[in-house]
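Coordinate inspection notes
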Amino acid sequence: MSVKRITAAGVVFCMCLQLLCACGEKQAEGTDKICAGVAYYNQSDTFLNQLIDSLKEYLHDYEKEGYETTMLIRDAAGSQRTQNDQVKELIDAGCNVLCVNLVDRSDPSEIIDLARDNDVPIIFFNREPVAEDMLQWDRLYYVGAAAEQSGIMQGELAVELIRSRPQTDRNRDGKIQYVVLEGEAGHQDAIIRTENVVNTLKSNEIEIEKLSYGIANWNRAQAENRMLQMISQHQSKIELVLANNDDMALGAIDAYEKLNYTESALPLFLGIDGTREGLEAVIEGKLAGTVYNDKEGQAEAMAKIAVAAVSGEGMEKIEFDKDRCIYLPYFKVTKEMAEDMLREKDQP
């Protein structure tokens, strides 16, 4: 082989080597292609559907900054085993960040192992893993809200309404007879919300008497059925319905409407989440009030973390409340606020 050919071959080899090194450096720094895999516990959850819609919008906004974004969504239909399989599918499909709303918050180990083995960061949302599981890897994040705050605020709303509406105590026995619609048996947020709303009523010297409770799994139709059962048992004795979310509060209202109760015979209904349907019910006067769970704020935080985790840029600018966790505050919603909020949401 001639000297010229040897030299040419050497130059080509060096150029290829430089290109390979450059690719390696670019991968180490990150990528501008964000493929988010979203796995959530059940598509029947109105709040989560609206949160995921917001996440899609916030991720899409990053395209203005030069990022390419895609989102794949999987519904586990209440099965942790199904969700584990879906996370594997999302990773195999090329997702480079995961947003996971666990079916069982106490059982994330298989999902964490899958993600860690493939170096795909996870943003858990809405259902917080236990603290020990969050320590398994330094690429695990959580975005949500403090359930205790929502229960306290729902209790404060109830106190304000009961004091301003003496007619709430229909039987005039000096006590408010109430029932609770709980989200899920053993679910951390459901337990905390219920405990704190009741404790807030008691600490404000509102005399209360618990008549019954029903597990409705955050679901409107199930809540209607549970409420119909409680009405058949207690008739017009129920003066206050405390629901762990808006969907269940609306299900309780559906039950009374189905039975054609007059307005004067209705109890107070209170929810949590501030879904569009919940806000509309507050405006209509059907729902006495709700506590807003900032889905837009949570979606924005998730999008920021996703982009930073994949691109390798901007994580230092994100303010975490504690080790890689962000908690958005709740706030109480009255009729006037609900009108303003919906008006703002409907603006183009």
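Scroll up to find the structure.
Since this is a predicted model, take the numbers as computed values, not measurements. (Residues numbered from 1 in each chain as written. Predicted model: local features only at pLDDT ≥ 70, side-chain atom pairs only at ≥ 80, totals over all residues. Heavy atoms only, no water.)

To continue, consider the pattern of salt bridges. Using the criterion set out here, one finds 20 salt bridges in the structure. Between Asp 92 and Lys 88 there is a salt bridge; the shortest N-O distance is 3.0 Å. Highlighted residues: Asp 92 and Lys 88, both in helix H3 (residues 80–92), separated by 4 residues, approximately one helical turn. On the basis of relative accessible area, Asp 92 is assigned to the exposed category, the value being 57%. Given the relative accessible area of 43%, Lys 88 is considered partly exposed. Across the pair Asp 119 and Arg 139 runs a salt bridge, and its minimum N-O distance is 3.1 Å. You can see Asp 119 sitting in the loop between helix H4 (109–117) and strand S4 (122–125) and its partner Arg 139 sitting in the loop between helix H5 (131–134) and strand S5 (140–144), a full 20 residues away along the chain. Within this structure, Asp 32, Lys 33 and Glu 68 form a network of salt bridges that share partners. (Salt bridge = Lys/Arg side-chain N within 4 Å of Asp/Glu carboxyl O. Helix = DSSP H or I, 4+ residues; strand = E, 2+ residues; numbered from the N terminus. Buried < 20%, exposed > 50% of the residue type's maximum accessible area, 1.4 Å probe, protein only.)

Along its 16 residues, helix H7 (residues 188–203) runs 22 Å from first to last C-alpha, staying within 8% of the 22 Å computed at 1.5 Å per residue. When H7 is considered as a whole, its buried residues turn out to be Asp 189, Ala 190, Arg 193, Thr 194, Asn 196, Val 197, Val 198, Thr 200 and Leu 201. Residues of H7 that are buried sit in contact with helix H6 (147–164), strand S6 (176–182), strand S7 (208–215) and strand S8 (240–243). Note on H7: the residue one or two positions beyond its end, Glu 205, has a positive phi of about 60°. (Expected span 1.5 Å × (residues − 1). Contact = heavy atoms within 4.5 Å.)

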